[in-house]
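Structural overview
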Amino acid sequence: LSREIICTLFQSGKFDAAATAATAPVLSVYLLGAFGFSAVMIINRSFYAMQNTVLPMAVSTVTALLTLPLYWIFAKEMGASGIALAAVFCMTAQFLVLYLLWLRKFREKESTVRLVRIFLKALGITAIGSGCCWGIKILTATVTAGWGTLMGNLMVLAASSLAALLVVFFL
């Protein structure tokens, strides 16, 4: 739904359909990294609660430095979407390093198994919800095509989101 979201929120004046077309894929790539971005925030706070603010900062700095070549290569090959993809890799790597350091310190093997199970379950539910959302988007996009850009996009967003939300809720 990245095109519909960007179009609804930003497309007016100088931000035209071409700008929406250029921005929407970047949003999609960033959303692939939503888990990594969120997980880093949570694990950082775990270290902060232990009054260890230096380790997360050091890992963040080292990870950012080590992924600089990815930013350069991906930006050269893929443009703005490449920068977003490099950020996704950076944040996911940062989470994994911090999580491994946490495990090493506290040796919580059972919680890791539980976390992996929860993650895989959430991933499966997300895949089903996303598939439902995509199907509804395709169906509603053809029906609402003549309703005007804003109203059509709002209808596609509402129908797709509601259907996906219901699927995720029941699963």
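Because the structure is a prediction, the values reported are computed rather than measured.

Notes on helix α5 (residues 80-106)
Two residues of an α-helix separated by three or four positions point the same way, owing to the 3.6 residues in each turn. With 27 residues, α5 should reach 39 Å at 1.5 Å per residue; the first-to-last C-alpha distance of 39 Å fits that figure. Arg107 sits one or two residues past α5 and shows a positive phi near 50°.

Points about the packing of aromatic side chains
In the structure shown here, the tally under the stated rule is nine aromatic pairs. Centre to centre, the rings of Phe35 and Phe95 are 5.6 Å apart; their planes meet at 85°, and the pair counts as edge-to-face. Of this pair, Phe35 sits in helix α3 (residues 34-49) while Phe95 sits in helix α5, and the two are 60 residues apart along the sequence. Given the relative accessible area of 10%, Phe95 is considered buried. Feature note: the residues Phe35, Phe95, Tyr99 and Phe119 constitute an aromatic cluster, connected by ring pairs.

Quick notes on the environment of Ile138
When you line up the elements, Ile138 lands in helix α6 (residues 109-143). Taking the relative accessible area as the measure of exposure, Ile138 reaches 42% and is therefore partly exposed. Along the sequence, Ile138 and Ser160 sit 22 residues apart, while their C-alpha atoms lie 9.1 Å from each other.

Here we look at the confidence of the model for the chain
With 98% of its residues at a pLDDT of 70 or more, the chain has an overall mean of 89. Confidence scores differ between elements of the chain, with α6 showing the lowest mean pLDDT of 85 and helix α4 (residues 54-78) the highest of 96.

Observations regarding the nonpolar core
Residues Ala39, Val40, Ile43, Phe47, Val59, Met91, Phe95, Leu98, Tyr99, Trp102 and Leu103 constitute the largest nonpolar core, which totals eleven residues. Contributing elements (two or more residues each) for this core: α3 and α5. Of the residues forming this core, the biggest block, six residues, is contributed by α5. Excluding residues that lie within four positions of it along the chain, Trp102 makes contacts with Ile43, Ser46, Phe47, Met50, Arg107 and Glu108.

Describing the packing of α6 against helix α7 (residues 149-170)
Running from N to C, α6 and α7 point in directions that differ by 150°, and their axes come no closer than 8 Å. The orientation of α6 relative to α7 falls into the category roughly antiparallel. The way α6 lies across α7 gives a crossing that is right-handed. Counting all contacts with α6, which are made through Ile125, Ile128, Gly129, Cys132, Cys133, Ile136, Lys137, Thr140 and Ala141, the residues of α7 involved are Val156, Ala159, Ser160, Ala163, Ala164, Val167 and Val168.

Remarks on a nonpolar patch on the surface
Side chains of Phe35, Val116, Phe119, Leu120 and Leu123 sit close together on the surface and give an oily, nonpolar patch of about 460 Å² of accessible area. No other element matches α6, which puts four residues into the nonpolar patch. One can find Val116 in helix α6.

Concerning the packing of helix α2 (residues 17-32) against α5
Close contact between α2 and α5 brings their axes to 8 Å; oriented N to C, the two are set at 10°. Taken together, α2 and α5 sit at an angle that is classed as roughly parallel. In this structure, α2 uses Pro25, Val26, Val29, Tyr30 and Leu32 to contact α5, whose residues at the interface are Ala80, Ser81, Ile83, Ala84, Leu85, Ala87 and Val88. Taken together, the residues that form the contact of α2 with α5 break down as eleven nonpolar, one polar and no charged.

Some details on unusual backbone geometry
For Gln51, which is not glycine, the phi torsion reads 60° and is therefore positive. Note that Gln51 resides in the loop between α3 and α4.

Considerations on the layout of surface pockets
The computed volume of the largest pocket comes to approximately 750 Å³. If you trace the largest pocket, you find 16 residues lining it, with Leu31, Leu32, Ala34, Thr126 and Ser130 closest to the centre. Of the residues forming the lining of the largest pocket, the biggest block, eight residues, is contributed by α6. Its residues assigned to classes, the lining of the largest pocket shows eleven nonpolar, four polar and one charged. Taken as a whole, the second largest pocket holds about 460 Å³ of empty space. Lining of the second largest pocket is provided by 19 residues; of these, Phe35, Phe95, Tyr99, Leu115 and Val116 occupy positions nearest its centre.

Calculation criteria
Residues numbered from 1 in each chain as written. Predicted model: local features only at pLDDT ≥ 70, side-chain atom pairs only at ≥ 80, totals over all residues. Heavy atoms only, no water. Helix = DSSP H or I, 4+ residues; strand = E, 2+ residues; numbered from the N terminus. Expected span 1.5 Å × (residues − 1). Phe/Tyr/Trp six-rings, centres within 6.5 Å; stacked < 30°, edge-to-face > 60°. Buried < 20%, exposed > 50% of the residue type's maximum accessible area, 1.4 Å probe, protein only. pLDDT = per-residue confidence, 0-100. Core = buried A, V, L, I, M, F, W, Y, C linked by side-chain atoms within 4.5 Å. Contact = heavy atoms within 4.5 Å. Axes fitted to C-alpha atoms, helices over the stretch in contact; angles between N-to-C directions. Parallel < 35°, antiparallel > 145°, perpendicular 65-115°, else oblique. Left-handed = near helix turned anticlockwise from the far one by under 90°. Patch = residues over 30% accessible without salt bridge, like charges linked within 9 Å, V, L, I, M, F, W, Y side chains within 5 Å. Areas by Shrake-Rupley, 256 points an atom, 1.4 Å probe, with all protein chains shown as cover. Salt bridge = Lys/Arg side-chain N within 4 Å of Asp/Glu carboxyl O. Nonpolar A, V, L, I, M, F, W, Y, C, P; charged D, E, K, R; others polar. 1 Å grid on protein atoms, 1.4 Å probe; cavity = no way out; pocket = protein on both sides within 12 Å on 5 of 7 lines; lining within 4 Å. Points joined across faces, edges and corners; volume = space filled by probe spheres on them.

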